[in-house]
Amino acid sequence: MSHPLIWPSKTFFYPIGNTSAVSVTADLPPEEPACVLLLGCGDPRNILHTVATETHSRPLDFTCCDVEPAVLARNVLLFTLIMDGQASATIWNVFYHFRLDAKSHKVLIDQCNKLIDLSENGQQWRDSQYGATLRMATDYTLSELRRHWGLYAAMPELPAHHRNAIDQEFRTQAKKNAGRVGTVTRSLGPLLLQGTDVVASSLTSYWKSGTTFTDGKSLAEATILNPTFVYSLAGETHSVHYATDPLTPFHLASAFAGAKLPTFPQVIKAAKVQFDNWCTSFSTAISKPPLLVVRSIVGDAMAVCHSLRLFAGTGVLRPGIPVAQWKTHLIQFNPWEYVDSPQPAPTCFNVIHTSNLEDHIGLLNVLIPAAPLLSANASSVMYTESLLALASDPTKEFIEHLKADITVMGLLLGICPVDYLCGFASRSNTHELPNAQFGSSKKAKDINIGQFQQIVTWRSPSSCDLIASQIQIPPPSFDPYQMATFFYDVYQSLYAQESALTFWNQNNTRRPGDYLRAVGSSNITAYYTREAFVLFLKSVKDRLQPTDDDWASAVSRFNNRLLDTWSRENMETLHYQDLIGHLRRYGLYRARTFTRSARKVGPFAPWATIPDLIRIVLVVPRHELHVLEGSNADEVGTPPLHCEIFGSNCLNLFTSVHAAFGRAVSVGTKDKPQVVFEEDLKGWKGKSPLVVSFTAPAYLLTELVPPNEVGVAFAVRNTPAACATLIKKLGMSLRIFSAKLLDSTLVHILPEPPLPAKRMQAGAQAGPTTSAFAPSSVRDEIGKADRAVIDFDEDCEHVSTLAIRVNITDETSLKLFSAEGSKAVPDIEQVSACVVKVALGGRVQHVVFPFPVVGSQHRLRLARKSRYIEVLVPPSRSFMEDGMKFNPYPVVRNGSTIFPWSIHRISPSSLPVLNVNSAKDLKKWLGLHIASMMSNRERKLRKKRKHDALMFAKDTIHMIFTYAAGIEDAKKPRRIFQLVDEVKKNSDTIFFVDKLRFDGASHTVVCDGYVFAGTPAWIQSIIGTPLEKSFGQLLTNADVVRVPIFQGEMQGWKQLLPAFAERCRTWSHNANCEYNLEGNTIPLSEEMEEVPLCSCGQGKEVEGMLAVPLWKPFAPYVTRVAISPLFAVSYLESVGRARGGGQGRKCAVCRGKGKGDAGLKTCSGCKKVRYCSDACQKKDWKAHKPKCKA
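Residues numbered from 1 in each chain as written. Predicted model: local features only at pLDDT ≥ 70, side-chain atom pairs only at ≥ 80, totals over all residues. Heavy atoms only, no water.

Labelled according to an unreviewed UniProt entry, the protein appears under the name MYND-type domain-containing protein, originating from Coprinellus micaceus.

Below, the discussion takes up the overall build of the protein. Within the protein, the secondary structure is distributed over 37 helices and 41 strands. Over its C-alpha atoms the protein spans a radius of gyration of 31 Å, differing by no more than 12% from the 32 Å that the globule rule assigns to 1190 residues. Along the longest, intermediate and shortest principal axes, the C-alpha atoms of the protein span 105 × 95 × 60 Å. In the protein, which comprises 1190 residues, the share counted as buried stands at 58%. Separation of charge centres in the protein, based on 129 positive and 110 negative side chains, amounts to 4 Å. (Helix = DSSP H or I, 4+ residues; strand = E, 2+ residues; numbered from the N terminus. Rg over C-alpha atoms; globule rule 2.2 N^0.38 Å. Buried < 20%, exposed > 50% of the residue type's maximum accessible area, 1.4 Å probe, protein only. Lys, Arg positive; Asp, Glu negative; His and termini not counted. Charge placed at Lys NZ, Arg CZ, Asp CG, Glu CD.)

What follows deals with the sheet that holds strand E3 (residues 60–66). If you walk across this open sheet you meet the 8 strands as E5-E9-E3-E2-E10-E11-E13-E12, and the pairing is mixed. Only two strands of the sheet have a single neighbouring strand rather than two, namely strand E5 (134–136) and strand E12 (416–417). Across the sheet, helix H2 (residues 69–83) touches E3, E5 and strand E9 (292–298), and the angle it forms with E9 is around 155 degrees. (Pairing = 2+ DSSP bridges. Contact = heavy atoms within 4.5 Å. Axes fitted to C-alpha atoms, helices over the stretch in contact; angles between N-to-C directions.)

Turning our eyes to something else, we now look at the packing of aromatic side chains. Scanning the model with the defined rule gives 51 aromatic pairs in all. Between Phe250 and Trp278, the aromatic rings sit 4.8 Å apart at their centres with planes inclined by 20 degrees, giving stacked as the arrangement. Taken as a pair, Phe250 in the loop between strand E8 (235–236) and helix H11 (264–285) and Trp278 in helix H11 lie far apart in primary sequence, 28 residues in all. The two residues Phe250 and Trp278 agree in class, both being buried. Residues Phe424 and Tyr889 carry aromatic rings whose centres are separated by 5.5 Å and whose planes lie at 45 degrees to one another, so their mutual orientation is tilted. (Phe/Tyr/Trp six-rings, centres within 6.5 Å; stacked < 30°, edge-to-face > 60°.)

What follows concerns the packing of H2 against helix H6 (residues 139–154). Where H2 contacts H6, the axes come no closer than 9 Å and their chain directions differ by 75 degrees. Taken together, the axes of H2 and H6 are roughly perpendicular relative to one another. Here Pro69, Ala70, Leu72, Ala73, Arg74, Val76 and Leu77 of H2 come into contact with H6, specifically with Glu144, Leu145, His148, Trp149 and Tyr152. Residue composition of the contact of H2 with H6, grouped by class: 9 nonpolar, 1 polar and 2 charged. (Parallel < 35°, antiparallel > 145°, perpendicular 65-115°, else oblique. Nonpolar A, V, L, I, M, F, W, Y, C, P; charged D, E, K, R; others polar.)

A cis amide bond links Ile1082 to the next residue, Pro1083, at an omega of 0 degrees. Here Pro1083 shows up in the loop between helix H35 (1049–1062) and helix H36 (1103–1106). With a phi close to 60 degrees, Leu734 is a non-glycine residue in the positive phi region. With respect to the helices, strands and loops of the structure, Leu734 is situated in the loop between helix H28 (720–730) and strand E22 (735–740). Even without being glycine, Phe879 reaches a positive phi, approximately 75 degrees. Tracing the backbone shows Phe879 in the loop between strand E31 (868–873) and strand E32 (891–894). Classification of Phe879 as partly exposed rests on a relative accessible area of 31%.

Okay, structure coming up:
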C-alpha cells in the first residue's frame, strides 16, 4: 500500500458530488471512441453531463471505480430508473432527497426489489434488461451492490425506535448546519459574488427539510428517511458529509444572468431542468447499443489501477490485491467481462479522471498507478483535481504536491500538465479565490482548512507537436549518478515532515497561523509510505527501460547516499528496513543486507528454505482498540498507523500495513506455514479482533536480537497532530498493542509470495521501440538517432539539457563530416516544439525530442572520428523561448481524427445563452471575469506595450468580449470584429459574434460565432458580383469594430483559429481535407492574406449568419468558432527560484541546504557544483572529476 493505513474515526459518505459536473470527453476528438476510467467516481454527474454534451455518435465506455459501494449502488439505481422511463422529477427525489414522500419512497423500494431479483449472480445480471449497458467488473462489486439494495429495501421493516434513532442523527446534523454556507457557491462560477446571497441558505434549507422542495404541501409529505443515505462504509448510520448539497453538481451561473436576480425556487428549477436534460440524453444514448457502457468496480483507486496493470501485463485475473483497507476480499476481475466477452473490458484508457483523490492520498499516489493505464494516443488525457487548501497560498500548492520539478517529472512519468507547457488554461478557477480562506485558532484541531479547486489536465509532453505526436518516441536515458541524487531529493521531499521532530525543524520559522495550520493538517498530509517511493522508482524504471547496469548504479548510489546521511534527526534508520524490503519485493534492488540470510532459528527452524521477505500477521484483540474506539472522534481525528518490529536495542517501522476484522486461522504446517483469514462482515460493528499484516526482511527476526526478545507492535504514527492528542492516551510510544514475536496465538510468520511475473506478448521487444511509423515530413537521411539523454543541472533538481546523438551512417554525410581536415558544421533549425532539423550538405535529419525544447539555445558535440553529431538543447515550458511558443494552440492529429491540444472542446448549441440586453450588472461581473485571464506580469507588459504574443491575443479577446457584450460601448453590443494589422493597416480576418454563451462546466463564457478568412483571390472572385456590394456594405458598417493587431499577433491568431474551430465542430473532416494533403500543416498558413483553416467547416452550422441580413451573403464562406478567454495559470506565474548565490541550494553529497552564499562552497574548477564542507567535496571528487571542467 502506497498510502498509510488511517484510523477512521470519521468516515464521511458523499452520496452527491461536491463539484460541478464536467464533460470527461471534452479533450478528445469527437469521433474517437472514449474509454474512460473514473477513479473515485462519486455520483454519476460527470457521466450524465458527458453524455448530454456529446456532438457525435461514438462509443462511450466508462469504468467507474469507487471504494464506497453505496456510491455505486446509488448510481446503478439511478441509471436503471432512467432506463425504465421513470419521470425525472421522481428520480430527482429518489436520488437527491434524504426525506421522501410516500410515492417516491415506493418507487425506490420497488426498484430495489427488482434489482435484487435480477442480481443473484453475474450471468443473471448480464441477461437482464440492464446488463448490456450496466456492467460489473467483479463479482464482488455485484454482490456489494446487491447487498446495499437489500438494505435499502429492508429498512422500512426496521423497528420504529431504530429508524427514529437514525432519523435523529440527521436532525442533529441539520441543527449544526444552520447558518452554514456550503460549497454550492462554487457552481456559480463567474457570478459567485452576485449569486452567493441567493444560494447562501441552500445548505441550511436542504438539511432542515431533507429536500429541495419549497412549497408547504410537498415539504409536509416528505417525511420518510431515504435509506440510500443511511447505509455506507460507516455502517447503518448518518455519515453523509455535512456540506452535501444537491445544487452543487449543477451549473448555476446562467440562472443569475437575467434582468433581475432569481429567487431560490427558480435556482432549484434551473437545476432540475439540467437534470431532466441529463436523463433524456442518457435514455436516448442507451437506445443505440452498444454505444454506451457503464462499468462498476468496488475498490480502492490505487488497488484497482495496480490490478488492471497487472492483469494487462500478466493475464492474471486475481492479482492478490485487497479491494481496500479494512477488507480482505481480493480483487478478481470477472472472466467474462475481461477475457471471454466479444468486447472485453478495457485495461488502458484515453481518458482518466481522478476526482480529488490527491487531497486524500497525495498527487504522486494518483499519478504513479494511473499514468501507465493511459493509452499511447496523442489525444489521451488525464485529469487531477484538488480541493483542499492547506497552505497560506493555495494557488501554489500544486508544485509542492508534485515533490519535484514539473519538467523532470514529465520526462520520467511520460505525462505533463498542459497549462505548464502552453502557459494558459481555457478553464477558469479565478472565482475560487474567495473560497480559499483560512481561519485561525490557538488549537490545531480548530484550524479551518479552506478550499481552492484546481483541475490540471495532463498529456504526453511530446503530443503537443504535430510531428512528434505521430511518432513513437523512445524514452530518455539518464546519468545514474545524477538520477541517484534526484531520487534522494524526491525521497527527502516525500518524508521531510513525517515525524514530529522533523516537522518542527521544517516549520519552526513559520508564522504562528501557518504553523498551527500545518499541525492541524499533519494527519491529512501523511500521504506516503516507503512503498510509495518504491512504486515511483518502479514507474520510472518501467517507462525509461534503462540498462541493468545503469539502473543498478542509480539505485545503489541512492542507497549509499541515504546511508551516508543517516541521522537521529531524519529518523531514516527506523524506516530503512521497510524501504529495502519493498525494493527487494518489486525486483528493483537487493541491498547488501540480504546477503546474510536469516538463520534457521526461532520461527524459521522448521522451514526448508528462508526467503528474503516474510509477511508478519499480528492479531490485535478487540479490547485493545478501545482506547481509540471509545474516544471522541473529533479529538482522535484520523491519524496514520504503522507496525513495528522492536527489540532491546532496535526499532523498525513498517508503514505499508493492511488491516481487517476477523480471524487468522493457521492451516499450514510448521515447515510450510499458511493462514486463512475469515473476515467478520460486521467490521467495526462486530466483536472480532483486528488482523494486521505487513512485509519485512526475514533476517530482522534473527540477526539483530534473539527471536525470543523480538516484539511486534501496532501503533499510531507520531505526526504532530497525533502527538498533540494521543500521547496522553497511548504514551510516548503511541503503541496500541504489542506482542512477542514467538507468541503463535497472536503472531503468524509466513513466506511472502512473489509478485505476478510480467508476460511477454508475441513479438514484443524487451527494449525501447523506435518509431511506429514516421510521417513523410520526418526525414532521417544522415544516420540513426539514439534516445535522448537527460542531463540535470548542478543541483540535480532541474533538467539542464536533453541530448540526442545522431550516429552518421549515410556515406555522403560521412565523407563531408569525417574526411581528414573536414570542418563541416551542420546547420541547426528548430521546426516545431519538439523537433530540431539537422542539415549537413544536402542531407537532412529531424531529431525528435520527448519534450518541447529551446532550439535557439542549442549546442553541438561533433565527433568526427567517432562519426556522430550530438545535439544538446534545454527543455522548454511556458514563458520560455521556442518550445510551444512555436504554436501554443496546436491542433493535432490522432490517426484520422483532429483535435485542439490545449483548448477544451464544447458543444455551443447546448450551452445557455447570455442575453446581454437584459443581463443585470453585466459590466461588473463579466468585465471582471474577462479581465481575470491576465496575470500581473501580463498586465505590466500590456501597460508598457511590450511584445508578448499570448498577452496580445488575450487583449484582443478581451476587446471582442467587451464590445460583443456592450460593456465597452454602452449604446449597444457590437458583433462584427475586423482584425487590422497596426503597421500595414491590412486585414484578412473578420469575426461575426452570434451569441455569448455560458460554459458552465469550465466556469467561463464563450463567444459563439463565425470567422471569415479572406484572400486576394477571393476578393478578385467577387468583383462584379452582388457579393462585392455586400462586402463593401459590411466593411463600411458603423458597427464594425476594428481591432488593432500588433507585432507577431496575427501569426498567433492564424494558429488560434483552427483550435477555436475544432473545439466546436459537429461536422467531420472529409477525405479531401486540406489538413491531410502532403506537406500541409495545421494551420495551413500563418501568413497575412492566406487561409489558416481547411474548407471542411465552411458554410456549416451557419444559422446565426443566415438570421442577420448583413451577414447572410457570407454564410457560405465562414467557419464556426468558439472564442473563449485564455486564463493565466495561478501556479505558474511565480514559478521558479533565484538562480544566483547559494540560497536554497543543496550540497552535492549530503544534500544539506546552504544559508546564503557563505553556506556552500563552489567547486573551483567548474564553478557549478556546491559542497557544504571539504569532507563532502573530497568524498565526491572521484565521481565529479571526469565531469569537472577544471
